[in-house]
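Okay, here's what each chain looks like letter by letter:
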Amino acid sequence: MHPQKPYKRNARVSDLIQEELGKLILRDVELPGGIITITDVDVTEKLDYARVKFSVLPSSKSRQALGLLQNAAGHLQHSLLRKINIK
């Protein structure tokens, strides 16, 4: 029997951000004729930086989706910080 590796805090935070940000994008970002999905969130050990990866269907709308997400970044970040409580 192998000892189970502890589930790191940054991995838990990453999962939480992915779930909550996906809900926010679904609710607040409208991509006509397309769907934006959060595929992965990489969070640093100090929890001070997160890289969000996403996919878009259809892929022809990816540039439009990137623009929408960049424009909504401040709102999404603010809403996400209100939604999750990290100490």
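Preceding block: the structure.
Here we summarise the structure given alongside this text. (Residues numbered from 1 in each chain as written. Predicted model: local features only at pLDDT ≥ 70, side-chain atom pairs only at ≥ 80, totals over all residues. Heavy atoms only, no water.)

## Quick word on the side chain of E20
Along the chain, the position of E20 falls in helix 1 (residues 9–28). On the basis of relative accessible area, E20 is assigned to the buried category, the value being 11%. Other than its neighbours up to four places away in sequence, E20 contacts L80, K83 and I84. (Helix = DSSP H or I, 4+ residues; strand = E, 2+ residues; numbered from the N terminus. Buried < 20%, exposed > 50% of the residue type's maximum accessible area, 1.4 Å probe, protein only. Contact = heavy atoms within 4.5 Å.)

## Quick word on the layout of surface pockets
Over the atoms a probe the size of a water molecule is rolled, and this reveals where empty space is left. Taken as a whole, the largest pocket holds about 670 Å³ of empty space. Elements represented by at least two residues in the lining of the largest pocket include exactly helix 1, strand 1 (35–43), strand 2 (50–57) and helix 2 (62–83). When residues of the lining of the largest pocket are assigned to their parent elements, the largest contribution, eight residues, is made by helix 2. (1 Å grid on protein atoms, 1.4 Å probe; cavity = no way out; pocket = protein on both sides within 12 Å on 5 of 7 lines; lining within 4 Å. Points joined across faces, edges and corners; volume = space filled by probe spheres on them.)

## What about the nonpolar core?
Counting 18 residues, the largest nonpolar core has I17, I25, V29, I36, L69 and L76 as the members making the most contacts within it. At the level of elements, helix 1, strand 1 and helix 2 are the ones that each hand at least two residues to this core. The contact partners of I36, leaving out residues within four places of it in the chain, are I25, V29, L31, F54, S55, A65 and L69. (Core = buried A, V, L, I, M, F, W, Y, C linked by side-chain atoms within 4.5 Å.)

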